[in-house]
Amino acid sequence: MPAVPRLCPPDPIDALLSAHGLRRTGAARLVLGWLLAHPETSYTHAQLQAALQESSAADGPGAGEGGTLDRVTLYRLIDRLTQVSLLLCRVDANRVRRYQAMPASVQAMPHFECQSCHRDSPLAGALQGNAFDLEVAAQNALLALQALGYQGLSLDLAVRGVCADCASAALSAPGAELAS
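One structure accompanies this document, and this report is about it. Throughout this description, residue numbers start from 1 for each chain and increase along the sequence as written. For a predicted model such as this one, the threshold for reporting local features is a pLDDT of at least 70, and the threshold for listing and counting side-chain atom pairs is 80 or more; totals across whole chains, interfaces and linings nevertheless cover every residue. For the side-chain quantities, the full set of heavy atoms in the structure was used; hydrogens and water were omitted.

## A look at the pairing of strand β2 (residues 97–101)
Residue exposure (1.4 Å probe, protein chains only): buried if accessible area is under 20% of the type maximum, exposed if over 50%, otherwise partly exposed. A run of H or I in DSSP counts as a helix once it spans at least four residues, and a run of E counts as a strand once it spans at least two, with each numbered from the N terminus. Of all 5 residues making up β2, 4 are buried, and the element is well covered by its neighbours. Pairs of strands are assigned from DSSP output, requiring at least two bridges between the strands. Note that strand β1 (residues 87–91) and β2 share 5 bridges and pair antiparallel. In the strand pairing of β2, R90 is matched with R98. The turn joining β1 and β2, which pair antiparallel and follow one another in sequence, is formed by 5 residues; a positive phi near 65° is taken by R95.

Right, here's the structure in full:
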């Protein structure tokens, strides 16, 4: 009996790239794959480049393209992925751009920016049941703006302050009692 060839399911990253009209290059697969594998983390351009290089070095020589992805190629690729809404781009209080994989079903991704350590943390888990209310409010706001003729909309909700780690470190620092 002849062997029946197995049909491999399509690669989900290739499918996403194709569905958004992008070429399925090794660099595009690498970057989108990395960001999808780390959905809770937002990266600056430099942080993403360093993470890809570290990953490539850890996998061994010839294992990936992270080491060969120069900063200009990465910048252009991030820009294209953002334009087709596969990535969310945020500009923090210091005007630094941060990129994160954009889940298809999400209209708003609330996050907290620490003004001390500049760490960016998603708030969806912290908001738990209230995250749905935020999602509904975001959808309503976007629909209202679309009705007025605005196009290509996205919503960024940033809460800024001092994170619990930095606040407790400041309280436990020598001389903190004198400053109060």
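## A look at the nonpolar core
In terms of nonpolar packing, the biggest core is built from 22 residues, with L17, V31, L35, L48 and L81 touching the most fellow members. At the level of secondary structure, the elements contributing two or more residues to this core comprise α1 (12–19), α2 (26–37), α3 (45–59), α4 (71–83) and β2. For this core, the element with the highest residue contribution is α2, accounting for 6 residues. If sequence neighbours within four positions are ignored, L48 has contacts with V31, W34, L35, Y43, L74 and I78. Within this scheme, the nonpolar core is defined by two criteria: the residues are buried Ala, Val, Leu, Ile, Met, Phe, Trp, Tyr or Cys, and they are joined through side-chain atoms within 4.5 Å. Of all hydrophobic cores here, the second largest spans 5 residues; its members include F112, C114, L123 and C166. Two residues qualify as a contact provided that any one of their heavy atoms is within 4.5 Å of a heavy atom in the partner residue.

## Re the side chain of S42
Its place among the elements puts S42 in the loop between α2 and α3. Beyond its immediate sequence surroundings of up to four residues, S42 is in contact with Q47, R90, R98, Y99, Q100 and D120.

## Structural notes on the sheet that holds strand β4 (residues 120–122)
The mixed open sheet is built from 3 strands, whose spatial order is β4-β3-β5. With partners counted over all chains shown, the strands left at the sheet margins are β4 and β5 (158–161), one partner each. Neighbour-to-neighbour, the strand axes of the sheet open up by a mean angle of 25°, direction not taken into account. Sheet topology note: the strand β3 (residues 111–114)/β4 ladder contains 3 bridges and is antiparallel. Considered in β4, the bridge of H111 is made with P122. All axes are obtained by fitting lines to C-alpha atoms, using only the stretch in contact for helices, and the reported angles, taken between N-to-C directions, cover 0 to 180 degrees.

## A closer look at the pattern of salt bridges
Definition used for salt bridges: Asp or Glu carboxyl oxygen within 4 Å of a side-chain nitrogen of Lys or Arg. Under the criterion given, the structure shown has 2 salt bridges. In this structure, D14 engages R29 in a salt bridge whose closest nitrogen and oxygen atoms are separated by 3.4 Å. Of the two residues, D14 is situated in helix α1 and R29 in helix α2; the sequence distance between them amounts to 15 residues. The residue R160 makes a salt bridge to E113 at a minimum N-O spacing of 2.9 Å. Separated by 47 residues along the polypeptide, R160 in strand β5 and E113 in strand β3 bring together distant segments of the chain. The buried category is assigned to E113, whose relative accessible area is 7%.

Everything listed here is a matter of geometry and, on its own, says nothing about what the molecule does.
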